[in-house]
Amino acid sequence: MRWTVRFAPVAVAIFAVASAVPADAGQSASSRVTLKVKGGPPFHGRVISKQAACVSNRKVLLIEVAPEHAPIDYADNRTNGKGKWVFSSQLQGATMVQAKVGQSKSSGVTCRAAFSPAKAL
């Protein structure tokens, strides 16, 4: 009986803390990124996800695929509230590019990274 009286409050406290963790804690969501290059700069696209938290304010990089694989623009290009983004950079010799949206965490959801298909210029 004494054991129950001493440890019952501890067990109740542990249960309360475990119950307070949101059900979707640690949730992960996939993302997609599109790239449109027709007509040259500005290049633009969208970040798409079923989770609204994974659409706005995502950082997007434009990556040169050919002739060399390297980031073209390190500017802080972020998506707007609808997931749209724009690059107005000149690409100086790149013949093929792709967009990358990096992994991020927003509102307790981990938004996974994604690459667009490579596009010839």
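The numbering scheme is per chain: residues are counted from 1 as the chain's sequence reads. In view of the model being predicted, local features appear only for residues whose pLDDT reaches at least 70, and side-chain atom pairs are presented and counted only at 80 or more, with totals across whole chains, interfaces and linings using the full set of residues. Excluded from the side-chain calculations are hydrogens and water; all other atoms, namely the structure's heavy atoms, are used.

Describing the overall build of the protein chain
Thinking step 1. The way it works is that DSSP assigns letters per residue, a run of H or I at least four long becomes a helix, a run of E at least two long becomes a strand, and they are numbered from the N terminus. Helix and strand counts for the protein chain stand at 1 helix and 11 strands.
Thinking step 2. From first element to last, N terminus to C terminus, the protein chain shows the α and β order α-β-β-β-β-β-β-β-β-β-β-β.
Thinking step 3. Relative to its full complement of 121 residues, the protein chain shows a buried share of 29%.
Thinking step 4. We call two residues in contact whenever any of their non-hydrogen atoms come within 4.5 Å of each other. Long-range contacts, defined here as pairs at least 24 residues apart, represent 60% of the contacts in the protein chain between residues at least 6 apart. Residue exposure (1.4 Å probe, protein chains only): buried if accessible area is under 20% of the type maximum, exposed if over 50%, otherwise partly exposed.

Concerning a positive patch on the surface
Thinking step 1. What makes a patch is a set of residues exposed beyond 30% relative accessible area and free of salt bridges, joined within 9 Å when like-charged and within 5 Å when nonpolar (Val, Leu, Ile, Met, Phe, Trp, Tyr). Only the protein chains shown count as covering a residue, and every accessible area follows the Shrake-Rupley method with a 1.4 Å probe. Each reported salt bridge corresponds to a side-chain nitrogen of Lys or Arg within 4 Å of a carboxyl oxygen of Asp or Glu. We count Lys and Arg on the positive side and Asp and Glu on the negative side, and we leave His and both chain ends out. The atoms used to mark charge sites are NZ of Lys, CZ of Arg, CG of Asp and CD of Glu. A cluster of basic residues, Lys 36, Arg 46, Lys 82, Lys 84 and Lys 119, forms a positive patch at the surface.
Thinking step 2. Here Lys 36 shows up in the loop between β2 (32–33) and β3 (43–48).

Some points on the environment of Pro 42
Thinking step 1. Within the element layout of this structure, Pro 42 appears in the loop between β2 and β3.
Thinking step 2. For the pair Pro 42 and Val 86, spaced 44 residues apart in sequence, the C-alpha to C-alpha distance is 6.4 Å.
Thinking step 3. Leave out the neighbours within four places in its chain, and Pro 42 touches Val 86, Phe 87 and Ser 88.

Concerning the pairing of strand β7 (residues 96–101)
Thinking step 1. DSSP-based pairing: two strands are paired if at least 2 bridges between them are found. Both strand β4 (residues 60–66) and β7 contribute to a ladder of 6 bridges, which runs antiparallel. Bridging across to β7, Ile 63 finds its partner in Gln 98.

Digging into unusual backbone geometry
Thinking step 1. Backbone geometry at Asn 57 places phi at a positive 60 degrees, although glycine is not the residue there.
Thinking step 2. If you trace the backbone, Asn 57 turns up in the loop between β3 and β4.
Thinking step 3. Non-glycine residue Ser 107 carries a positive phi angle of around 50 degrees.
Thinking step 4. With respect to the helices and strands, Ser 107 occurs in the loop between β8 (104–106) and β9 (109–111).
Thinking step 5. Here Ser 107 falls in the exposed class, since its relative accessible area comes to 68%.

What to know about the environment of Gln 27
Thinking step 1. Here Gln 27 is to be found in strand β1 (residues 27–29).
Thinking step 2. Judged by its relative accessible area of 26%, Gln 27 falls in the partly exposed class.
Thinking step 3. A sequence separation of 84 residues divides Gln 27 from Cys 111, and the C-alpha atoms of the two residues are 8.8 Å apart.
Thinking step 4. In this structure Gln 27 touches Gln 51, Gly 108, Val 109 and Thr 110, once residues within four positions along its chain are discounted.

Some thoughts on the side chain of Ser 49
Thinking step 1. The residue Ser 49 is located in the loop between β3 and β4 in this model.
Thinking step 2. Polar contacts, as counted here, are pairs of nitrogen or oxygen atoms within 3.5 Å of one another; within protein the pair requires one atom able to donate a hydrogen and one able to accept it, and residues that are adjacent in sequence qualify only if both atoms are side-chain atoms. There is a polar contact of 2.8 Å between the side chain of Ser 49 and the backbone oxygen of Ser 30.
Thinking step 3. Here the side chain of Ser 49 touches Gln 51 through a polar contact of 3.2 Å, landing on its backbone nitrogen.
Thinking step 4. Those residues in contact with Ser 49 that lie beyond four places of it in its chain are Ala 29, Ser 30, Ser 31, Cys 54 and Val 55.

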